[in-house]
Amino acid sequence: MNFRKLGKTNFNISEISLGTWQVGGKWGSAFDNKTADELLNTAIDNGVNFIDTADVYENGLSETAVGRVVRSRSERIYVATKCGRHINPHVNEGYQPKVLQKYVEDSLKRLGLETLDLIQLHCPPTEVFYRPEIFELFDRLKEQGKILNLGVSVEKVEEALKAIEYSNVTTVQIIFNLFRQRPSQLFFSEARKKDIGIIARVPLASGLLTGKFDAKTTFDQQDHRNFNRNGDAFDKGETFSGIDYELGLKAVEELKALFPETTNLAPYALQWILSFKDISCIIPGASKESHVLSNLSVYNLPELSSEKIEAMNKIYEEYIKPSVHHLW
């Protein structure tokens, strides 16, 4: 495992870390605590020391599992969670300091921790990023010893740029992958100036970049890859990075031609992200142990050549950029 500094938190974290949206099993299935424990322990056994969760993941069961495993381990594991998505309807007016404080305190109880290493606003409406009183709350929570650091998870580059204007924001979690390249332009350079830790989420475009899907692949009725392709439930960019599924498959076929030696493109997609030194870590999800090991197999590969990276970027330029680059 290699480690990178998480911006001005000064945490030294595993560059391949773990996102826990699916930690209790595949999307749409019932939460399985045994699966969750196996996944989390496998990740930690292999050097992962940063785990990202959220209070809405399986309605708190993900946080409970993360806390249970982290407390059982002797290693220093950094825990990041998120708050705000329980607000219903999820609108700017619902974001109030008292509401968010209660969410933080509830997360601490579920995790069984005294202090959160990192609390992140969970993709709030854009208007929230223009309200200083929301960000000031987390200074008070830090003084109370409930949190060590504040971060944000965002949908749009605009939101990321606005968030880092607040001096107490230490990290930004943003969708970044081969099919979502816009953040590497202005945002990365501005984050570098302010020593902001960048956490790359949805690194495999909801599994599209594994190369394991085709036109016949079906998804469970409760799987967002089935019901949210047009943004019917939440931001469209969360599902397949907002790319038309059929178009994405065409682009993936071109990727497969670049790597004929494998049927699993995931490690190459993660390598591409790691080629950006501004990235602090990647948080791929996993619904079974083999996914964790697949993500970590990036270390079994030779470094991507500049020629390969250029060829991968050309696929983005030709297939993906015209339809999505400007949207997020």
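This is a predicted model, so every value here is computed, not measured. (Residues numbered from 1 in each chain as written. Predicted model: local features only at pLDDT ≥ 70, side-chain atom pairs only at ≥ 80, totals over all residues. Heavy atoms only, no water.)

**Points about the sheet that holds strand E6 (residues 118–122)**
With parallel pairing, the 8 strands of this open sheet are ordered in space as E3-E4-E5-E6-E7-E8-E9-E10. Either end of the sheet is taken by a strand with one partner, and the two such strands are strand E3 (18–19) and strand E10 (279–282). Summarising the sheet, strand E8 (residues 169–175) and strand E9 (residues 197–201) pair through 5 bridges and their orientation is parallel. By the bridge assignment, Ile175 is partnered in E9 with Arg201. On the sheet, helix H3 (residues 97–111) packs against strand E5 (78–83) and E6 and is oriented at approximately 140 degrees with respect to E5. (Pairing = 2+ DSSP bridges. Helix = DSSP H or I, 4+ residues; strand = E, 2+ residues; numbered from the N terminus. Contact = heavy atoms within 4.5 Å. Axes fitted to C-alpha atoms, helices over the stretch in contact; angles between N-to-C directions.)

**Focus: the packing of aromatic side chains**
Considering all chains together, one arrives at 17 aromatic pairs under this definition. Judged by centre distance (4.3 Å) and plane angle (25 degrees), the rings of Phe11 and Tyr78 are stacked. Here the residue Phe11 occupies a position in the loop between strand E1 (3–5) and strand E2 (12–14), and Tyr78 occupies one in strand E5, the gap between them amounting to 67 residues. For Tyr78, a relative accessible area of 13% puts it in the buried group. Relative to Trp272, the ring of Phe176 has its centre 5.3 Å away and its plane inclined at 35 degrees; by these criteria the two rings are tilted. Taken as a pair, Phe176 in the loop between E8 and helix H6 (186–193) and Trp272 in helix H9 (residues 266–274) lie far apart in primary sequence, 96 residues in all. Across the pair, Trp272 and Phe176 agree in class, each one buried. Here the aromatic cluster, defined as three or more aromatic residues joined through ring pairs, consists of Phe176, Phe187, Phe188, Trp272 and Phe276. (Phe/Tyr/Trp six-rings, centres within 6.5 Å; stacked < 30°, edge-to-face > 60°. Buried < 20%, exposed > 50% of the residue type's maximum accessible area, 1.4 Å probe, protein only.)

**Regarding the pattern of salt bridges**
Summed over the entire model, instances satisfying the criterion amount to 20 salt bridges. For Lys34, the salt bridge identified is with Glu38, shortest N-O distance 2.7 Å. Of this pair, Lys34 and Glu38 both sit in helix H1 (residues 33–45), 4 residues apart, which is roughly one turn of the helix. For Lys34, a relative accessible area of 58% corresponds to the exposed category. Put simply, Glu63 and Arg110 hold a salt bridge, and the shortest N to O gap is 2.6 Å. Of this pair, Glu63 sits in helix H2 (residues 61–72) while Arg110 sits in helix H3; the two residues are 47 residues apart in sequence, bridging distant segments of the chain. What makes Glu63 buried here is its relative accessible area of 0%. By relative accessible area, which is 26% here, Arg110 ends up partly exposed. Bridged by salt links that share partners, the residues Asp45, Arg73 and Glu75 form one connected network. (Salt bridge = Lys/Arg side-chain N within 4 Å of Asp/Glu carboxyl O.)

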